[in-house]
Amino acid sequence: MSKQLNSDTTPTGNVRLSRRKFVAAATAVVAAPTIVPSSVVGANAPSNRINVALIGCGNQSRVDLPSMLRQPDAQVVAVCDVNKGSDGYARPEHFLGREPAQKKVNDHYAEKTRSGQFKGCDAYADFRDVLARDDVDAVMIVLPDHWHALATVKACEAGKDVYCQKPMSLTIHDGQQMIKAVRKHGRILQTGSQYRSNAVVRRMCELVRNGRIGEVKRAISIINGSGAGPGPGWKEQPVPEGFDYDMWLGPAPEAPYHIYRCLYRFRFLQEYSGGQVTNTGAHATDIVQWALGKDHTGPVEFEHQPGIVWPPDGHLFTTAMKSHFRARYADGVEFVCRTQEPGFGARIEGTEGWVQFSVNNMKEVEASSDAIKNSVIGADEIHLPVSTNHYRNFLDSIKSRKDPIEPVEAGHRTASICHLGNIAMRLERKLQWDPEQEVFVNDADANQMLRRPYRGPWQI
Ligand SMILES: NC(=O)C1=CN([C@@H]2O[C@H](COP(=O)(O)OP(=O)(O)OC[C@H]3O[C@@H](n4cnc5c(N)ncnc54)[C@H](OP(=O)(O)O)[C@@H]3O)[C@@H](O)[C@H]2O)C=CC1
Ligand SMILES: O=C1CO[C@H](CO)[C@@H](O)[C@@H]1O
């Protein structure tokens, strides 16, 4: 029996039963009702509590884990990472991995117990062991991008709801499989594009949707640049102790280990990610998609633009250091994605002015005039769904079984624009895209790039 099953004390000192087991037990004794009223069990009693597992205890887990721990109706019961624990993640002083994450969870809950002790969070090296647990309701997938689809599909098959970090997918095919899995198994999926839960972003999108900048002409996804990584002659390094490198690679091709391949920098190698186009670009493009109201579609044309810079030959990194592509939606609206320091953001331009959100100015919408910036949106105008906390919104969706603020289809369309732009930049030609069929028109080479061969048993 696992430590988790033995450990039946909650942070508040109650006997722990998973939500499913509690409901099963309750219904076994009395045939009805199947829903246990909160007046009987209390607001955060086991029947209302959502057992969450964190899969991927690296850089972003430092945000996602505390955010989930703060939610009173969630309990983190498991963490998983191929790395037992080591330092040197995003910064040299970061000590991350499954054991530090487990300690963080246990310490957090221990503080809430009378005894000051808690050992109820289990640590796993293989996410399939997490998914096999009957008492896990939801998983947070905070893995490198090449794992998002596989982990999501398997989580859905195992009946788990999923918070999947952005960019939702690595390829168009992956995203399609994720949609199928979520819908087939009736799961909730929240894409980790948390700017949809930001009030300034929502305000900017509402200004656009309500015509404050006139007719929309152009949308710009502003992204960061990146470096070239270790230079020519970089050498394979020994795999650190306690790190399952083969599992880290998973579906990706075999490759010599180097610390700059893993730990945050995977973003800048094509095998695992799409560079800044899918990194900060996933956020910026998602804001554009929301502002334009195009969550179920995408542009019809993609083309590379001048100024793209690739890492010089022999460097470890292979994604664009500076990016630039344009696209066009069927209604004629232009989309541009370009590297522009210092930070990422989204700008929408129309016949009457422009609005902009910048990660460096999270306090307010920037606009071409005060009239636009201060304009009041009337009660009878378009109001977008309100989420003020992306994790809260996910948990609320799990309970209501209604889609969250960034469901799988929206995450897919945003990631698709990033992937298609990357393909246009690589092929250096104008590509026609059919957003209904999700194929390039008359371009076999480009269509081949919509999916990747996966290694070994890792297939979806
Ligand atoms: N929404 C947001 O604002 C942000 C989102 N993200 C997203 O989060 C995801 C993770 O990024 P980040 O945390 O920066 O990357 P990291 O490399 O720091 O973290 C990923 C973690 O997953 C581990 N891992 C890799 N493969 C597996 C596996 N098969 N099973 C279990 N653990 C595994 C890694 O192990 P090891 O440590 O040994 O490499 C690492 O600890 C990305 O998709 C990224 O885009 C990231 C930052 C911000
Ligand atoms: O999503 C993200 C948010 O911004 C970071 C940079 O500031 C990124 O690196 C990260 O992946």
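Refer to the structure presented above.
Only a predicted model underlies this, so the values are computations on that prediction, with no experimental measurement involved. Here, residues in each chain are numbered from 1, in the same order as that chain's written sequence. Chain A is the first chain written and ligand 1 is the first ligand written, with later ones labelled in order. Residues qualify for local features only when their pLDDT is at least 70, as the model is predicted, and side-chain atom pairs are given and counted only at 80 or more; totals for whole chains, interfaces and linings, by contrast, use all residues. Excluded from the side-chain calculation are hydrogens and water; included are all heavy atoms of the structure.

Undergrad: Help me out: how do you make sense of the pattern of salt bridges in this one?
TA: Any Lys or Arg side-chain nitrogen found within 4 Å of a carboxyl oxygen on Asp or Glu counts as a salt bridge. In total, this model carries 28 salt bridges according to the counting rule given. Salt-bridge contacts for Arg-133 lead to Asp-122; the nearest nitrogen and oxygen are separated by 2.9 Å. Taken as a pair, Arg-133 in the loop between α6 (127-131) and β6 (138-141) and Asp-122 in strand β5 (residues 122-124) lie far apart in primary sequence, 11 residues in all. Throughout, exposure labels follow a simple rule: accessible area from a 1.4 Å probe, protein chains only, divided by the maximum for the residue type, with under 20% read as buried, over 50% as exposed, and the rest as partly exposed. For Arg-133, a relative accessible area of 8% translates into the label buried. Close ionic contact of Asp-396 with Arg-392 constitutes a salt bridge, the shortest N to O distance being 2.8 Å. Here a strand is any run of E in DSSP of at least two residues, a helix any run of H or I of at least four, and the numbering for each starts at the N terminus.

Undergrad: Is there a simple way to explain the environment of Arg-338 in this structure?
TA: Its location among the elements puts Arg-338 in strand β12 (residues 334-339). What makes Arg-338 partly exposed here is its relative accessible area of 25%. Residues Arg-338 and Gln-305, spaced 33 residues apart in sequence, show a C-alpha to C-alpha distance of 9.0 Å.

Undergrad: Teacher, can you tell me more about the site of ligand 2 here?
TA: Throughout, the term near means that a residue has one or more heavy atoms lying within 4 Å of the molecule or strand in question. Taken together, the residues surrounding ligand 2 are Lys-166, Tyr-264, Arg-267, Asn-279, His-283 and Phe-344. Counted as a polar contact is a pair of N or O atoms within 3.5 Å, where, for protein atoms, one must be capable of donating a hydrogen and the other of accepting one, and residues adjacent in sequence contribute only when both atoms are in side chains. Take Lys-166: an N or O atom from its side chain is 2.8 Å from an oxygen atom of ligand 2. In this structure, Tyr-264 approaches ligand 2 through a side-chain N or O atom, which is 2.3 Å from an oxygen atom. Alone, ligand 2 offers 290 Å² of accessible surface; in the complex the protein occludes 64% of this. Only protein atoms enter the 1 Å grid used here. Points where a 1.4 Å probe fits but cannot escape make up a cavity, open sets with protein on both sides within 12 Å along at least five of seven lines make up a pocket, and a residue lines them when an atom lies within 4 Å of a point. Think of it this way: a molecule belongs to a cavity or pocket when more than half its atoms come within 2 Å of the grid points there. Here ligand 2 is seated within the largest pocket. Using a 1.4 Å probe, the Shrake-Rupley method yields the accessible areas, and only the shown protein chains count as cover for residues.

Undergrad: Would you explain helix α14 (residues 408-427) in this entry?
TA: Because the α-helix completes a turn every 3.6 residues, residues three or four places apart line up on one side. Take the residue count of a helix, subtract one, and multiply by 1.5 Å to get its expected span. The end-to-end C-alpha distance of α14, which contains 20 residues, comes to 28 Å, matching closely the 28 Å that a straight helix rising 1.5 Å per residue would cover. Across the 20 residues that make up α14, a large majority, 18, are buried. Looking at the residues trailing α14, positive phi occurs at Glu-428, about 55 degrees.

Undergrad: Would you mind going over the sheet that holds strand β17 (residues 439-440) with me for this structure?
TA: As a general point, the strands of a sheet are linked pairwise by backbone hydrogen bonds and lie either parallel or antiparallel. On the basis of which strands lie adjacent, the open sheet formed by nine strands has the order β15-β14-β13-β9-β12-β11-β10-β16-β17 and mixed pairing. Of all the strands in the sheet, the pair left with one neighbour each is β15 (361-367) and β17. Contact definition: two residues touch when any of their heavy atoms are within 4.5 Å. Note on geometry: axes are C-alpha line fits, over the in-contact stretch for helices, and angles between N-to-C directions span 0 to 180 degrees. Contacting β10 (301-304), β11 (324-328), β12, β16 (431-434) and β17, α14 crosses the sheet at an angle of about 45 degrees to β10. Pairs of strands are assigned from DSSP output, requiring at least two bridges between the strands.

Undergrad: Which parts of the structure should I look at to understand unusual backbone geometry?
TA: Comment: phi is negative for the bulk of residues other than glycine, and the bulk of peptide bonds are trans. Omega for the bond connecting Lys-166 with Pro-167 falls within 30 degrees of zero, at -15 degrees, which places this linkage in the cis form. Counting through the fold element by element, Pro-167 comes out in the loop between β7 (161-165) and α8 (172-184). Omega for the peptide link from Glu-341 to Pro-342 comes to 15 degrees, which places this bond in the cis form. Mapped onto the secondary structure, Pro-342 falls in the loop between β12 and β13 (345-350). In this model, Tyr-264 sits at a positive phi of 75 degrees, which is unusual for a non-glycine residue. Mapped onto the elements of the fold, Tyr-264 is located in the loop between α10 (245-249) and α11 (280-292). Residue Tyr-264 is classed as partly exposed on the basis of its relative accessible area of 30%. A positive phi angle, close to 50 degrees, is found at Asn-442, a residue other than glycine. The topology assignment puts Asn-442 in the loop between β17 and α15 (444-448). Given a relative accessible area of 79%, Asn-442 falls into the exposed group.

Undergrad: Where do I start with the nonpolar core in this structure?
TA: Generally speaking, a soluble globular protein has its nonpolar side chains buried in company with each other. Remark: nonpolar core denotes a set of buried residues (Ala, Val, Leu, Ile, Met, Phe, Trp, Tyr, Cys) joined through side-chain atoms within 4.5 Å. Ranked by size, the top nonpolar core spans 49 residues in total, and within it Phe-127, Val-139, Val-162, Tyr-245, Trp-248 and Tyr-272 carry the most contacts. Every element with two or more residues in this core is listed here: β1 (50-55), β2 (74-80), α6, β6, α7 (148-157), β7, α8 and α10. In this document the domain limits rely on a domain assignment from an automatic tool or a database. Built from parts of two domains, this core gets at least three residues from each of domain 1 (3-142) and domain 2 (199-378 + 410-448). Core analysis: the second largest hydrophobic core is formed by 48 residues, Val-200, Ile-287, Val-355 and Ala-446 among them.

Undergrad: Explain empty space enclosed by the protein here, please?
TA: Gaps between atoms show up when a probe of the same size as a water molecule is rolled over them. Grid points are joined across faces, edges and corners, and a volume is the space filled by probe spheres set on the points. Under the criterion given, the structure shown has one cavity of 30 Å³ or more. Looking at the largest cavity, its volume works out to about 30 Å³. No other element matches the four residues that α14 contributes to the lining of the largest cavity. We call Asp, Glu, Lys and Arg charged. Ala, Val, Leu, Ile, Met, Phe, Trp, Tyr, Cys and Pro are nonpolar, and the rest, Gly among them, are polar. Looking at side-chain class alone, the lining of the largest cavity contains five nonpolar, three polar and one charged residues.

Shape is all these values report; function is a separate question.
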